[in-house]
Amino acid sequence: MTEGWSSRWVLARLATFAGCLFILWAVASFIDLGDGETWDQTKPRYAKMLENKGFDVNEFGFYKISRSQHPREFKTIVILRGVMPSVFFGVLCAVSALGWSAQPKLIPSGQE
């Protein structure tokens, strides 16, 4: 009986943790990407190529991407930073919650 209870507990914790990560990641992505600008980093060997495309790359390899000036690059960053991790955490939360609900419930002794 304790095996069913422990797996229920683990799945409930995993679902809760993944749900919290989903919410935190979604809020952080909205804060970062909501204003239409974000930062990205490149390797030093690609800095000159990006400068020729119109990006302003600093000495550390960071450059700012704006939705109005570079819509394709901004869309790629939104998908990689915002959408994909949010979908991963959401699916992990849903699958864990479904697994938790499918586990047999512990029946106290005397009520059999």
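Residue indices follow the written sequence of each chain, beginning from 1 at its first position. In keeping with the predicted nature of the model, local features appear solely for residues at pLDDT of at least 70, side-chain atom pairs appear and are counted solely at 80 or more, and the whole-chain, interface and lining totals rest on all residues. For the side-chain quantities, the full set of heavy atoms in the structure was used; hydrogens and water were omitted.

Visitor: How would you sum up the overall build of the protein chain? Please name residues and give values.
Guide: Labels follow the DSSP assignment, with helices taken as runs of H or I lasting at least four residues and strands as runs of E lasting at least two, numbered in each case from the N terminus. Helix and strand content of the protein chain: three helices and two strands. When the helices and strands of the protein chain are listed from N to C terminus, the series reads α-β-α-β-α. Against the compact-globule benchmark of 13 Å for 112 residues, the protein chain has a radius of gyration of 22 Å, which places it well outside the compact range. Accessible area is worked out with a 1.4 Å probe on protein chains only. A residue is then buried under 20% of its type maximum, exposed over 50%, and partly exposed in between. Taking all 112 residues of the protein chain together, the buried fraction comes to 23%. Surface accessibility follows the Shrake-Rupley procedure with a 1.4 Å probe radius. Residue values consider only the protein chains on display as shielding. Carbon and sulfur atoms make up 66% of the accessible area of the protein chain, which amounts to about 8,400 Å² in all. Taken together, the 12 basic and 10 acidic charged side chains of the protein chain have centroids lying 5 Å from each other. The globule rule is 2.2 Å times the number of residues to the power 0.38, and the radius of gyration it is compared with is taken over C-alpha atoms. For the purpose of counting charges, residues Lys and Arg are taken to be positive, whereas Asp and Glu are taken to be negative. His and the chain ends are not included. The atoms used to mark charge sites are NZ of Lys, CZ of Arg, CG of Asp and CD of Glu.

Visitor: How would you summarise the confidence of the model for the protein chain if you had to cite specific residues and measurements?
Guide: Confidence scores labelled pLDDT are given residue by residue by the predictor and lie between 0 and 100. Confidence in the prediction of the protein chain, expressed as mean pLDDT, is 85, and 93% of residues score 70 or more. Mean pLDDT values for the elements of the protein chain range from 85 in helix α1 (residues 2-33) up to 91 in helix α3 (residues 71-102).

Visitor: Talk me through the side chain of R8; I want residue IDs and the actual numbers.
Guide: With respect to the helices and strands, R8 occurs in helix α1. Leaving out residues up to four positions away in the same chain, R8 has contacts with W100, Q103, P104 and K105. Here a residue-residue contact requires only that any non-hydrogen atoms of the pair lie within 4.5 Å.

Visitor: Lay out a nonpolar patch on the surface with the relevant residues and their values.
Guide: On the surface, I79, L80, V83, M84, V87, V91 and V95 cluster together into a nonpolar patch covering about 610 Å² of accessible area. As for its position among the elements, M84 is in helix α3. Like-charged residues are merged into a patch within 9 Å and nonpolar side chains (Val, Leu, Ile, Met, Phe, Trp, Tyr) within 5 Å, provided each residue has over 30% relative accessible area and no salt bridge. Salt bridges are defined by distance alone: a side-chain nitrogen of Lys or Arg within 4 Å of a carboxyl oxygen of Asp or Glu.

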